[in-house]
Amino acid sequence: MNAPPIDTLLNAWLDDELDAEKRIEVEAWLRDHPEEAARVRLWAADAEGLRARLDSVLAEPVPQRLTQVVWSQAPATAAPNTGWMRWAAAFAVFVVGGAVGAAIAWRVERPAAQMASSSGGPSWVQRAAVAHSVYVPEVRHPVEVKAQEEHLARWLTKRLEMPVKLFDLRSQGFELVGGRLLPDAKGPSAQLMYQSIGEAPAGQQPLRVTIYLRKPEVGTPAAFRYEQQGRTGLFYWVEGDSPGHPACGYAIVGDLPRERLLALAEAIERQDSASPSATPAS
Amino acid sequence: MDAPTAFRQQLLGAIPRLRRYARSLVFDPSAADDLVQTTLERALAHWHQFDQQRDILVWTLSIAHNAFMDERRRDKRMTLVEPTEARDVVDALPAIGNDIGLRLDLVAALSKLPIEQRQPLLLVTLEQLSYAECAEVLRIPVGTVMSRISRARSALRDLLDGRAPSNARGLRRVV
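Throughout this document, residue positions are counted from 1 along each chain, in the order its sequence is written. Ligands are numbered from 1 and chains lettered from A, in the order in which they are written. Restriction of local features to residues with pLDDT of at least 70 applies here, the model being predicted, together with a cutoff of 80 or more for giving and counting side-chain atom pairs; totals for whole chains, interfaces and linings are based on all residues. As a rule here, side-chain values cover all heavy atoms of the structure and leave hydrogens and water aside.

Asks: Requested: an account of the overall build of chain A, with residues and values cited.
Replies: Secondary structure elements are taken from DSSP: a helix is a run of H or I of four residues or more, a strand is a run of E of two residues or more, and numbering for both begins at the N terminus. Of regular secondary structure, chain A possesses nine helices and eight strands. In chain A, of all internal contacts separated by at least 6 residues, the share reaching a separation of at least 24 is 65%. Residue burial considers only the protein chains on display, and all accessible areas are found by Shrake-Rupley using a 1.4 Å probe. About 14,200 Å² of surface is accessible on chain A, with carbon and sulfur atoms providing 56% of the total. Residue contacts are defined here by distance: any two heavy atoms, one from each residue, within 4.5 Å place the two residues in contact.

Asks: So what's going on with the overall build of chain B? Residues and values would help.
Replies: What chain B contains, in helices and strands, is eight helices and zero strands. Taken from N to C terminus, the helices and strands of chain B fall in the order α-α-α-α-α-α-α-α. Counting the 175 residues in chain B, one finds 58% classified as buried. A separation threshold of at least 6 residues defines the contact pool for chain B, and within that pool the share at least 24 residues apart is 66%. Relative accessibility decides the category of a residue: with a 1.4 Å probe and only protein chains considered, values under 20% of the type maximum give buried, values over 50% give exposed, and everything between is partly exposed.

Asks: Please set out the environment of A12 of chain A residue by residue, giving values where relevant.
Replies: Position of A12 of chain A among the secondary structure elements: in helix α1 (residues 5-14). On the basis of relative accessible area, A12 of chain A is assigned to the buried category, the value being 0%. The spatial distance from the C-alpha of A12 of chain A to the C-alpha of R23 of chain A is 9.2 Å, given a sequence separation of eleven residues. Residue contacts for A12 of chain A: discarding those within four places in its chain leaves E17 and L18 of chain A together with Y131 and M146 of chain B.

Asks: Kindly report on helix α2 (residues 29-45) of chain B, identifying the contributing residues and their values.
Replies: It helps to recall that an α-helix has 3.6 residues per turn; residues three or four apart then point in one direction. In a regular helix each residue adds 1.5 Å, so 17 residues correspond to 24 Å; α2 of chain B covers 24 Å between its end C-alpha atoms and thus fits that length. What α2 of chain B keeps buried is the set A31, A32, D33, L35, V36, Q37, T39, L40, A43 and L44 of chain B. Along its buried surface, α2 of chain B packs onto α5 (64-71) of chain A together with α1 (5-26) and α3 (56-74) of chain B. To estimate the expected span of a helix, count its residues, drop one, and scale the result by 1.5 Å.

Asks: Break down the packing of α1 of chain B against α2 of chain B for me, citing the residues and quoting the values.
Replies: Residue and element names in this part refer to chain B. As a packed pair, α1 and α2 sit with axes 8 Å apart at the nearest point and diverge in direction by 145 degrees. For the element pair α1 and α2, the recorded crossing hand is right-handed. Contacts between α1 and α2 pair F7, R8, L11, I15, L18, R19, A22, R23, L25 and V26 from the former with P29, A31, A32, D33, L35, V36, T39, L40, A43 and L44 from the latter. Split by residue class, the contact of α1 with α2 holds 15 nonpolar, one polar and four charged. Here, axes are lines fitted to C-alpha atoms. For helices the fit covers the stretch in contact, and angles between N-to-C directions go from 0 to 180 degrees. Left-handed describes a crossing whose near helix is turned anticlockwise from the far helix through less than a right angle; right-handed describes the clockwise counterpart. Basically, the charged four are Asp, Glu, Lys and Arg, the nonpolar ten are Ala, Val, Leu, Ile, Met, Phe, Trp, Tyr, Cys and Pro, and anything else, Gly included, counts as polar.

Asks: So what about the pairing of strand β5 (residues 208-214) of chain A? Which residues, and what values?
Replies: All names here are of chain A. Burial within β5 is extensive, with seven of its seven residues counted as buried. Where burial is concerned, the two faces of β5 agree: the one with R208, T210, Y212 and R214 and the one with V209, I211 and L213 are both buried. Pairing of β5 with strand β8 (residues 248-254), which is carried by six bridges, proceeds in the antiparallel orientation. Looking across to β8, one finds that T210 is bridged to V253. Any two strands with at least two DSSP bridges between them are considered paired.

Asks: So what's going on with the side chain of R17 of chain B? Which residues, and what values?
Replies: Take R17 of chain B: it is sitting in helix α1. The class for R17 of chain B is buried, based on a relative accessible area of 13%. Other than its neighbours up to four places away in sequence, R17 of chain B contacts L58, Q126 and V130 of chain A together with L57 and E127 of chain B.

Asks: Give me the lowdown on the pattern of salt bridges, citing residues and values where you can.
Replies: Between Lys or Arg on one side and Asp or Glu on the other, a salt bridge is scored when a side-chain nitrogen of the former is within 4 Å of a carboxyl oxygen of the latter. Evaluation of the coordinates by the stated rule reveals 22 salt bridges over all chains. Across the pair D16 of chain A and R23 of chain A runs a salt bridge, and its minimum N-O distance is 3.8 Å. Of the residues examined, D16 of chain A reaches a relative accessible area of 22% and is grouped as partly exposed. E60 of chain A serves as the salt-bridge partner of R23 of chain B, at 2.7 Å between the closest nitrogen and oxygen. Of this pair, R23 of chain B sits in helix α1 while E60 of chain A is found in the loop between α4 (56-59) and α5, placing the two residues in two different chains. Taking the relative accessible area as the measure of exposure, E60 of chain A reaches 24% and is therefore partly exposed. Linked through salt bridges whose partners overlap, the residues forming this network are D55 of chain A together with R17, R20 and E127 of chain B.

Asks: I'd like a description of unusual backbone geometry, backed by residues and values.
Replies: All names here are of chain A. If you check the backbone angles, D16 has positive phi at about 55 degrees while not being a glycine. With respect to the helices and strands, D16 occurs in the loop between α1 and α2 (20-32). Located in the positive-phi region is E161, a residue other than glycine, with phi close to 55 degrees. Along the polypeptide, E161 turns up in the loop between α8 (151-160) and β3 (174-184).

Asks: Give me the lowdown on the packing of aromatic side chains, citing residues and values where you can.
Replies: Only Phe, Tyr and Trp rings take part, Trp by its six-membered ring, and two of them pair if their centres are within 6.5 Å. Stacked means planes under 30 degrees apart, edge-to-face means over 60, and tilted covers everything else. Summed over all chains, the structure comprises nine aromatic pairs over all chains. Note on F167 of chain A and Y250 of chain A: the rings are 6.1 Å apart at their centroids and 55 degrees apart in plane angle, and the pair reads as tilted. Of this pair, F167 of chain A sits in the loop between α8 and β3 while Y250 of chain A is found in strand β8, placing the two residues 83 residues apart along the sequence. Among the residues examined, Y250 of chain A registers a relative accessible area of 2% and is labelled buried. Pairing F7 of chain B with W47 of chain B gives two aromatic rings, centres 6.3 Å apart and planes at 50 degrees, and the pair type is tilted. Of this pair, F7 of chain B sits in helix α1 while W47 of chain B sits in the loop between α2 and α3, and the two are 40 residues apart along the sequence. Judged by relative accessible area, F7 of chain B falls into the buried class, the value being 0%. On the basis of relative accessible area, W47 of chain B is assigned to the buried category, the value being 5%. Put simply, the rings of F7, W47, F50 and W59 of chain B touch in pairs and so form one group of aromatic residues.

Asks: Lay out the confidence of the model for chain B with the relevant residues and their values.
Replies: Residue and element names in this part refer to chain B. Per-residue confidence from the prediction method is given by pLDDT, with values spanning 0 to 100. Of the residues in chain B, 75% reach a pLDDT of 70 or more, and the chain-wide mean stands at 80. With pLDDT under 50 throughout, residues 167-175 is counted as low confidence; its partners more than four residues away or in other chains account for 21 contacts. We note a pTM of 0.51 for the whole complex and an ipTM of 0.79 for its interfaces.

Shown next as structure tokens:
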């Protein structure tokens, strides 16, 4: 038996696949048909339930045999091969293109029909979220370079070719663990990891948040945006380009209520707009 | 030519979500990781075909889909869980929250959906792909994605409400 066409339309509405006109039409129809609206709500609840149920796989440590596959027959030396040259060329184009960002706009945006947001932000934001889920559960190697090593900021600054500051989030209850370099679409990005100060509850890891930093593409919107994937919240924005202060894309990711994550994002924004010569805290 | 380090790192970042998708397809954790392993091997063998403008997750999911279908064709014993076994599989998944009963039923019901309905439903609801991306991964028209998702959601509801879904051919072993 084929589902009636109306169901297809309601599903497309739920998945945010309709154009504005059609969406408004469906929403008006749903207001007049509360029983159908209840059915759609159940579908949405089922989707939430499936995510809640299966998201736990994301937090599991990745089995060694899988990471071994990825690194098998890896180039023995860091010497650039032809493949790398292509990447380098792409990166050079990106650098020449320069980064022009607008000043940050403190409007918090949320897609209107976000019940099942389809795209989930630009792909670099997805990378920030994935990098968070990959490294936060890590017990032995959460970071590449520990916070205590004073070359951390220098190293990241050099590799990202923009000033990387280590933010002091102690007033928010978080201390720096360290950082790592990550690949982004067109060059390196950085991840800074912070964890809650003080003893974690027995048998639990301390709560960790990560900050993802990258050079933004030209024309990246500067608006301050929020996204949520399961329990994990994510704020992202682009800090403006100004003399002595090149544009920088930020994402802060953590399993925290939106208000607390916002407080952290604001602390970062405040410290970032302070003089670039401010002493990095660690 | 070997895959560059940056590509390998991108691949590494895709693993958690590949594992989640594989787990929701084949349920058994070890069989699911076998599928992820095959996917990673194929991705590495074909890394030069990956267009950096694309999302690596969508690309690797389509490789996973092909690998899954290949394995099903080769060995029909591998992936499908009998409804009678579904309860065991469900018990093996970590439990969360207070409404465990509800969620157990949800995954058990999911496992009873025919695979051609389960795939698009998971890609759209769990992996949050757009219909167009989902169509690309499954290599079917967008219209087919739409109708399968619609059928999947109502079949899932029927199962949860204790009704026999009109199209639950997945109750048999192999569709």
